[in-house]
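# Per-entry structural report
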Amino acid sequence: MRITETERRVLCDAAREAFGADSTVFLFGSRIDDSRRGGDIDLLVKTDKTGQAVIFEAQIRFLAKVKLALGEQKIDVLVDYPDRKSRPEILRIAKASGVQL
Amino acid sequence: MISTNIEINELRFHDAWQECCTHLIHARHALKSLTVHLPLDGQKLALLDLESIQDVDQLVLRYSKLQDSMGSKLFPALLKVLMEPLEDSPMLDKLNRLEKMGILPSVQRWQELREIRNKFAHDYPEGDDMKAMVLNAACSGIEELAEVLDSVGKAGGV
């Protein structure tokens, strides 16, 4: 897993603030492969919050908090929530391969 | 020499200000054309006619350019005009200074407006409902950007 302790802490704290205390963050994609370098940070956040508008606002708040703490970098977030309608293939891959932070 | 530098700083500020005002005019024009469809949802978005799709594209383009230009050109130019020694400082220091000076209402909110812009540029395919939500957020974000632009203008003396 290629992520620093500071990054891990910032991501978990920001997720708790934006998505609620019970939310969990998983890293997937190239950053879980130790043999590769650089790359985007692909995250899956699991939350009990519901409603697409609520999730969207939480996502924007989360990303803003993370960027302010870590600086501008490419971070993509997928959110898994109870009433999520679309289930793209990337969500299945993220859930199957994600490493919890 | 010192007065020349001051003039150059003021010119740069005015250029950046003009550029941002132009983006705002076009963003507001697109917003006005889309008003009948607001707030958008996935279904409405999928059924937009060609004319309205052009308005959406214009809105996305101008929102992005306005948010970009304010952060990368206008804010640094204002701080120079105001003789704030933050030229080589990270963006976050500049934003915090602007918040302290009362020009930016909230650094966190500014970054959120940037994240709305980033949503246009890259993300996983999330379907029309999520696209509509990003567009609605940009539509209400335009007036927030306009308010900041207004504060910057007052602080810079335009």
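Residues numbered from 1 in each chain as written. Chains lettered and ligands numbered in written order. Predicted model: local features only at pLDDT ≥ 70, side-chain atom pairs only at ≥ 80, totals over all residues. Heavy atoms only, no water.

### A word on the overall build of chain A
- Along chain A, the regular secondary structure elements total three helices and four strands.
- Secondary structure elements of chain A, listed N to C terminal, follow the sequence α-β-β-α-β-α-β.
- For chain A, the C-alpha radius of gyration of 13 Å lies close to 13 Å, the compact-globule estimate for 101 residues.
- Dimensions along the principal axes, computed over C-alpha positions, put chain A at roughly 35 × 30 × 20 Å.
- Classification of the 101 residues of chain A by burial places 46% in the buried group.
- Relative to all contacts within chain A whose residues are 6 or more apart in sequence, the contacts with residues 24 or more apart total 65%.
- For chain A, the accessible surface area stands at approximately 4900 Å², while carbon and sulfur atoms represent 47% of it. (Helix = DSSP H or I, 4+ residues; strand = E, 2+ residues; numbered from the N terminus. Rg over C-alpha atoms; globule rule 2.2 N^0.38 Å. Buried < 20%, exposed > 50% of the residue type's maximum accessible area, 1.4 Å probe, protein only. Contact = heavy atoms within 4.5 Å. Areas by Shrake-Rupley, 256 points an atom, 1.4 Å probe, with all protein chains shown as cover.)

### Concerning the confidence of the model for chain B
- Chain-level pLDDT for chain B is 93 on average; 96% of the residues reach the 70-or-more range.
- This prediction of the complex comes with two scores: 0.92 for pTM and 0.90 for ipTM. (pLDDT = per-residue confidence, 0-100.)

### Considerations on the pairing of strand β2 (residues 41-46) of chain A
Residue and element names in this part refer to chain A.
- The element β2 is extensively covered by neighbouring structure, given that five of its six residues are classed as buried.
- The sheet contact formed by strand β1 (residues 24-28) and β2 spans five bridges and is antiparallel. The partner of V25 across the bridge, within β2, is V45.
- Relative to strand β3 (residues 75-80), β2 is paired through six bridges, and the arrangement is parallel. In the sheet register, V45 faces β3, and the bridge partner there is V79. (Pairing = 2+ DSSP bridges.)

### Some remarks on the packing of aromatic side chains
Residue and element names in this part refer to chain B.
- Evaluation of the coordinates by the stated rule reveals three aromatic pairs over all chains.
- Here the aromatic rings of F75 and W110 are separated by 4.8 Å at their centres, their planes lie at 50°, and the arrangement is tilted. Pair noted here: F75 is in helix α3 (residues 50-81) and W110 is in helix α5 (residues 107-121), with a separation of 35 residues, a long-range link. Per residue, the accessibility class of F75 equals that of W110, and both read buried. (Phe/Tyr/Trp six-rings, centres within 6.5 Å; stacked < 30°, edge-to-face > 60°.)

### Describing the packing of α3(B) against helix α6 (residues 127-156) of chain B
All names here are of chain B.
- The N-to-C vectors of α3 and α6 enclose an angle of 30°; their axes lie 10 Å apart at closest approach. One way to sum up the angle between α3 and α6 is to call them roughly parallel. The two elements α3 and α6 meet at a crossing, and its hand is left-handed. Packed against α3, whose contacting residues are V56, L59, V60, Y63, L66, Q67, M70, L74, F75 and L78, the element α6 presents L135, A138, C139, G141, I142, L145, V148, L149, V152, A155 and G156 at the interface.
- Classifying every residue of the contact of α3 with α6 gives 18 nonpolar, three polar and no charged. (Axes fitted to C-alpha atoms, helices over the stretch in contact; angles between N-to-C directions. Parallel < 35°, antiparallel > 145°, perpendicular 65-115°, else oblique. Left-handed = near helix turned anticlockwise from the far one by under 90°. Nonpolar A, V, L, I, M, F, W, Y, C, P; charged D, E, K, R; others polar.)

### Overview of the interface of chain A and chain B
- Opposite the 24 residues of chain A that make contact, chain B presents 20 residues.
- Counting each side, the surface lost to burial between chain A and chain B is near 2000 Å², with a carbon and sulfur contribution of 60%.
- Along the contact surface separating chain A from chain B lie two salt bridges.
- One salt bridge in this structure joins E115(B) and K67(A), with 3.1 Å as the shortest N-O distance.
- Among the secondary structure elements, those contributing two or more residues to the side of chain A that touches chain B are α2 (52-70) and β3 of chain A.
- Its residues assigned to classes, the side of chain A that touches chain B shows 12 nonpolar, three polar and nine charged. (Buried area = accessible area lost by both parts, 1.4 Å probe. Salt bridge = Lys/Arg side-chain N within 4 Å of Asp/Glu carboxyl O.)

### Focus on the sheet that holds strand β4 (residues 99-100) of chain A
Residue and element names in this part refer to chain A.
- With respect to topology, four strands assemble into an open sheet ordered β3-β2-β1-β4, the strand pairing being mixed. One side of each edge strand has no neighbouring strand; the edge strands of this open sheet are β3 and β4.
- Sheet strands touched by helix α3 (residues 89-97): β1, β2, β3 and β4. Its angle to β3, the strand with the most contacts, is close to 90°.

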